[in-house]
Amino acid sequence: MSDPSSSAAAQLLYAPNVQHNTLTLTSIKFISSCFAGCVAGILGLTNLAGFGLFLISMLWAAFCVYVVCCKGKPGKYMPSAIGASVVAAGTGKGNKSGNGNGTGLMELLNPGTDNAFTFVLVWTLFYGIVHVYD
């Protein structure tokens, strides 16, 4: 039989709340990458300057979510990637970073490939619209 502390620790994150938080974080990152793509295209940024703007916008969005939404404790609202698989497996043993004690910073800082592709798509769209006849 498992000890009660490990099973209680595994239940600190309620799955529907974590799912909602993940969906909200994904939406914030998507909107941020679209806005950054618009700005990069309108300003006519090319090459590394455009990707630098993307990096800055993703860091700014992560900082805002960290301060405003998570109140400086992202591990309380989202599991870390390793701990989520442990808790999802239902064992509650091993790495317990998914029980609310993890940092959760990787989920905030990871821009995701879909957001990077969205940034490039919107960037080239607005660059083409604004600077096509320059």
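In what follows, the structure referred to is the one given above.
What counts as what
- Residues numbered from 1 in each chain as written.
- Predicted model: local features only at pLDDT ≥ 70, side-chain atom pairs only at ≥ 80, totals over all residues.
- Heavy atoms only, no water.
- Helix = DSSP H or I, 4+ residues; strand = E, 2+ residues; numbered from the N terminus.
- Buried < 20%, exposed > 50% of the residue type's maximum accessible area, 1.4 Å probe, protein only.
- Contact = heavy atoms within 4.5 Å.
- Areas by Shrake-Rupley, 256 points an atom, 1.4 Å probe, with all protein chains shown as cover.
- Axes fitted to C-alpha atoms, helices over the stretch in contact; angles between N-to-C directions.
- Parallel < 35°, antiparallel > 145°, perpendicular 65-115°, else oblique.
- Left-handed = near helix turned anticlockwise from the far one by under 90°.
- Nonpolar A, V, L, I, M, F, W, Y, C, P; charged D, E, K, R; others polar.
- Expected span 1.5 Å × (residues − 1).

(A) Seen up close, the overall build of the protein chain. The secondary structure content of the protein chain amounts to seven helices and zero strands. Ordering the α and β elements of the protein chain from the N terminus gives α-α-α-α-α-α-α. Residues counted as buried form 31% of the 134 residues belonging to the protein chain. Of the contacts made within the protein chain by residues no fewer than 6 positions apart, 79% connect residues no fewer than 24 positions apart. Just so you have it, the protein chain exposes about 8500 Å², and 71% of that area is on carbon and sulfur atoms.

(B) Representation of the packing of helix H3 (residues 48-69) against helix H7 (residues 113-131) within the structure. Where H3 meets H7, the closest approach of the two axes is 11 Å, and the angle between their N-to-C directions is 130°. By the criterion of interaxial angle, the relationship of H3 to H7 is oblique. In the crossing of H3 with H7, the sense of the turn from one axis to the other is right-handed. Along the contact surface, H3 presents Gly 50, Phe 51 and Phe 54, while H7 presents Asn 115, Ala 116, Phe 119, Val 120 and Trp 123. The residue makeup of the contact of H3 with H7, split by class, is six nonpolar, two polar and no charged.

(C) Main features of H7. The terminal C-alpha atoms of H7, which comprises 19 residues, lie 26 Å apart, in line with the 27 Å expected from a rise of 1.5 Å per residue. Contacts from the buried residues of H7 go to helix H2 (15-43) and H3.

(D) Structural detail: the side chain of Thr 118. Mapped onto the elements of the fold, Thr 118 is located in helix H7. The class for Thr 118 is buried, based on a relative accessible area of 15%. Once you skip the residues sitting within four places of it in the chain, Thr 118 turns out to touch Phe 30, Ser 33 and Cys 34.

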